[in-house]
Amino acid sequence: MGECAWGAVLRVVAVQAAWALCWGQVRYSVPEEAKAGTVVGRVAQDLGVEAGEAEARRLRLVPGGRRASVEVSGASGALVVSSRLDREELCGKSAPCALRLEVLLERPLRVFHVELEVTDINDNAPIFPAARKNISIAELSVAGSRFPLEGASDADIGANAQLSYTLSPSEHFSLDLQKSNERNIEPELVLTKPLDRETMAVHRLLLTASDGGRPSLTGTMELVISVLDANDNAPQFNQSVYKVQLPESAAVGTLVARVNATDADEGINSEVNYSVTNFFPPSGKDLISINEKTGEIHLTGALDFEEVNIFDFRIEARDQGWPSLSGHCKVVLEVLDVNDNAPEVRVTSLSVPVPEDASLGTVVALLSVWDRDSGSNGRVRCWVWPSGPFVLEATLSGSYSLVLRELLDRERVSEYEVEVRAEDGGSPSLGGRVGLRVPVSDVNDNAPSFAQAVYTVLARENNLAGAELARLWARDPDEAGNGRVSYSLWEGALGGGSGPWWSGTSGLVGGVAASSYVSVEAESGVLRALRPLDYEEVQVLQFEVRAVDAGEPSLCGNATVQLFVLDENDNAPALLPAAGGGSEAGAVSGEAGTLWAWASWGSPSGQVVAKIRAVDADSGYNAWLRYELWEPRGKSALFRVGLYSGEVSTARALEEADGPRQRLVIVVRDHGEPARSATATLSVSLVEGGEAALAAAAGSSSLLPRSLAGGESGSGPAAAAAATNVWLVVAICGVSSLFLLAVVLYGASRWAPRAAVLSGPGPTTLVCASEVGSWSYSQRHSRSLCVADAAKSDLMVFSPNFPPPPGAAAKDTQPEPPSLLDTVSASSAFFLFLLSRPLGRQCSEPGSAPAVAGPWVLCR
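Criteria and thresholds
Think of each chain on its own: its residues are numbered from 1, step by step along the sequence as written. The model is predicted, so local features are restricted to residues of pLDDT at least 70 and side-chain atom pairs to those at 80 or more, both for listing and for counting; the totals for chains, interfaces and linings are taken over all residues. The side-chain numbers reported here are obtained from all heavy atoms of the structure, hydrogens and water having been left aside. Whether two aromatic rings pair depends on their centres lying within 6.5 Å, for rings of Phe, Tyr and Trp, where Trp uses its six-membered ring; planes under 30 degrees apart make the pair stacked, over 60 edge-to-face, and the rest tilted. Here a strand is any run of E in DSSP of at least two residues, a helix any run of H or I of at least four, and the numbering for each starts at the N terminus. Note on classification: 1.4 Å probe, protein chains only; a residue is buried when its accessible area is under 20% of the maximum for its type, exposed when over 50%, partly exposed between these limits. The rule for a salt bridge is simple: a side-chain nitrogen of Lys or Arg has to be within 4 Å of a carboxyl oxygen of Asp or Glu. What makes two residues a contact is simply this: any of their non-hydrogen atoms within 4.5 Å. Any two strands are treated as partners once DSSP identifies two or more bridges connecting them. Note on definitions: angles span 0 to 180 degrees between N-to-C directions of axes, and those axes are lines fitted to C-alpha atoms, for helices only across the stretch in contact.

Caption draft 1: Molecular detail of the packing of aromatic side chains. As enumerated under the stated definition, the model contains eight aromatic pairs in all. Aromatic side chains Phe 390 and Tyr 416 sit 5.4 Å apart centroid to centroid with 85° between the ring planes, which places their arrangement in the edge-to-face category. Residue Phe 390 is located in strand S28 (residues 390-396), and its partner Tyr 416 is located in strand S30 (residues 415-424); the two are separated by 26 residues in the primary sequence. For Phe 390, a relative accessible area of 1% gives the class buried. Here the aromatic rings of Phe 450 and Tyr 455 are separated by 6.1 Å at their centres, their planes lie at 80°, and the arrangement is edge-to-face. No difference in accessibility class separates Phe 450 from Tyr 455, as the two residues are buried. Taken together, the aromatic side chains of Phe 450, Tyr 455 and Tyr 487 make up a single cluster linked through ring pairs.

Set out below in structure tokens:
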């Protein structure tokens, strides 16, 4: 083809390339046999890509199932011819010859469908099946007899394949063209004048086929016509056209049809043999065979609807006469489609991994789906299995996008294994599938969270500095840096050594922050003590631990830690000083470390002499104190101490033989493990009842001689003067007692008839105020000295109980309550004591009863 012709073709191509974007599809056309490098179209410009961006955005052509012979130039963005374009090789007889291409453009990812039509040029001349054809015609053939000829075939299409036939000049034959269908014209040789074998036994004609191209191409076939003599009846078929339909799945050997031809001649001239001629397309000769005797047509190869869906061929019936005569019929075999092709699914683009915060509608993959079958067998339905968060959306015919329809959560599902499945509409249906692996990338969308909102930690006091107290852990389901957690300490409320722990303020104990007591390791979350804890300083620490991940932006979570300090027995009991004077231990102090108390001779068993007070700075069992009296072996105990009250009381009645002073060692222990203790030395001075009362009334050793207070006697003139005063007081008391006794005896003799009543007074009830403020009753002798709390220093005087009057039953008579006579203050107690002293001494003797009932009962 000349240069002018190529210029005209390219001009036509340029005009046809003036297309517009419509539904995302672009059409180009290019003539076949175009030279390599020929520009088909400016695809980058037509897709709206700026100059110079085609290569940056990786504009490229995605190859299809067939060799396209074109490519996209990365520099110019033009679609150019890369190799020889042969329309007949690419499409055969299909018209138009359209190649479906996919052009991929990234950033953002887009796909465009380009249809490239390869136009036909007249590059193929008509070709006859053979260069020479021998034809035998009986000389008896009448004018008008027709003899079919094998037509030529042209690989081109359209006008380039429109064939016309001419026959070289002959007086006996002419050429008639029969249009069997829209695609094929069959030439027939027509006898126009009876033959005369004797004149010419063989006729040689030239049949020429010309196509409709410009310039036209031709092909020739020589016709050698032999004139036969005698046999003048040709076989005749019962129908001129046989139409047969077979599914493409028909097996080899399947009976296609049975043709039948008859010959009116007799004998050998009527014996017919069948043969197949004039295949269209020519590939049919490999698929069809006929039994020359019976006329049965069988399949010798597999049919394929997708390759050829209709076959035309002729059956010739020839008799055995001489010359033999033949009859012809046409068989049209239509191939029916069956669902023998499964859909094909191909991934053209995959964008992974997908971030878990990707928005709905994000395109994950692009896919192409096709089925070679036709009709319902070629209609394809696609879906995603399992559906999950993805869905398929159709973009163009056979093109789909896998898009996101639900929000992703990598912590729930980190990777998806999905299949895109395709199923056609055949029966039974066929399916195709392709697997996709879609990993999900992490974003920092989860804050660290502790297993507990509040952690309770128990720690013993006096722990080592740096000791591990607890191990905190916060979970962050994110991965890598988004899930890497670091810990830090936040200040909170602390409880001090006094008051409830929740009364602490701003995380300070005595102005010291919680961070001065504990720390948290940033990587491991281990809670450690910075210094030894002291329960007596702080009982509860409350603070917050914060967990922060390494994401961007970082997220955090908090937990409250309540650290309770457990008490250890690290404090020994401590003795308390006496609250005041009186009989309580410590009211009178002598030597350093020694406590003083007084007891009178004749005090009954159980008489409280003193009370030891102690306190332990610990708490609980560690602060629960018990009191024990230490005494040497073999020595009879005069005193005992209350196990938990600390009250020192007499173990038996005291006698003068017990000596003037008793030295007691009292051990105060706590219940800790191991137990701690403290000792107190108590010096008990044994004195006369009056001296003990004097010490009790005075409430201070400064009111008594040092000898009565348990001090050292005979230490100078002051001691001697004190002893003289004591005995002077004793003498005055004796005289007063005698006077009182005389008055009592006088009264008794004056009212003698009532002596029986007065001589037997009932027991006096002693009412004492205990140190806890309640009242206790004891049936003791009428003369008793109660040692009570030093703060209660009043003297209460009660009248004795009298028996009921004569004649009344004892069981029916209730004793009258004692009438309160008087209450005197501590300032007059000493005088009343002197008046009652002789009577008191008489009543204090064991086993004796007073001759006259005394009206006084002394009680502190």
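Caption draft 2: Looking closely at the pattern of salt bridges. Under the defined criterion, the tally for this structure stands at 24 salt bridges. The salt bridge partner of Lys 193 is Glu 171, with a shortest N-O separation of 3.3 Å. Placement of the pair is Lys 193 in the loop between strand S12 (184-191) and strand S13 (202-210) and Glu 171 in the loop between strand S10 (164-167) and strand S11 (173-181), with a sequence separation of 22 residues. Its relative accessible area of 38% is what places Lys 193 among the partly exposed residues. Salt-bridge contacts for Arg 421 lead to Glu 419; the nearest nitrogen and oxygen are separated by 2.9 Å. One connected set of salt bridges, linked through shared partners, spans Arg 410, Glu 411, Asp 442 and Glu 479.

Caption draft 3: Spatial organisation of the environment of Ser 368. With respect to the helices and strands, the residue Ser 368 is situated in strand S26 (residues 363-370). Along the backbone, Ser 368 and Glu 102 are 266 residues apart, and their C-alpha atoms lie at a distance of 9.8 Å. If we skip the residues at most four places from it in the chain, Ser 368 touches Glu 102, Glu 344, Val 345, Arg 346, Thr 348 and Gly 398.

Caption draft 4: Spatial organisation of the sheet that holds strand S20 (residues 288-290). Here we have three strands laid out as an open sheet, ordered S17-S21-S20, and antiparallel in their pairing. With one partner strand each, in any of the chains shown, strand S17 (255-258) and S20 form the two edges of the open sheet. Between one strand axis and the next, the sheet turns by 20° as a mean value, whatever way the strands run. Relative to strand S21 (residues 296-299), S17 runs antiparallel, the two sharing three bridges. Looking at the pairing, Leu 255 lines up with His 298 of S21.

Caption draft 5: Main features of the pairing of strand S22 (residues 310-319). The element S22 is extensively covered by neighbouring structure, given that eight of its 10 residues are classed as buried. Here strand S19 (residues 272-280) runs beside S22; their pairing, made up of seven bridges, is antiparallel. Considered in S22, the bridge of Phe 280 is made with Asp 312. Relative to strand S23 (residues 326-336), S22 is paired through nine bridges, and the arrangement is antiparallel. Each bridged residue has a counterpart across the sheet, and for Arg 318 the counterpart in S23 is Ser 326. Two successive antiparallel strands, S22 and S23, enclose a turn made up of six residues.

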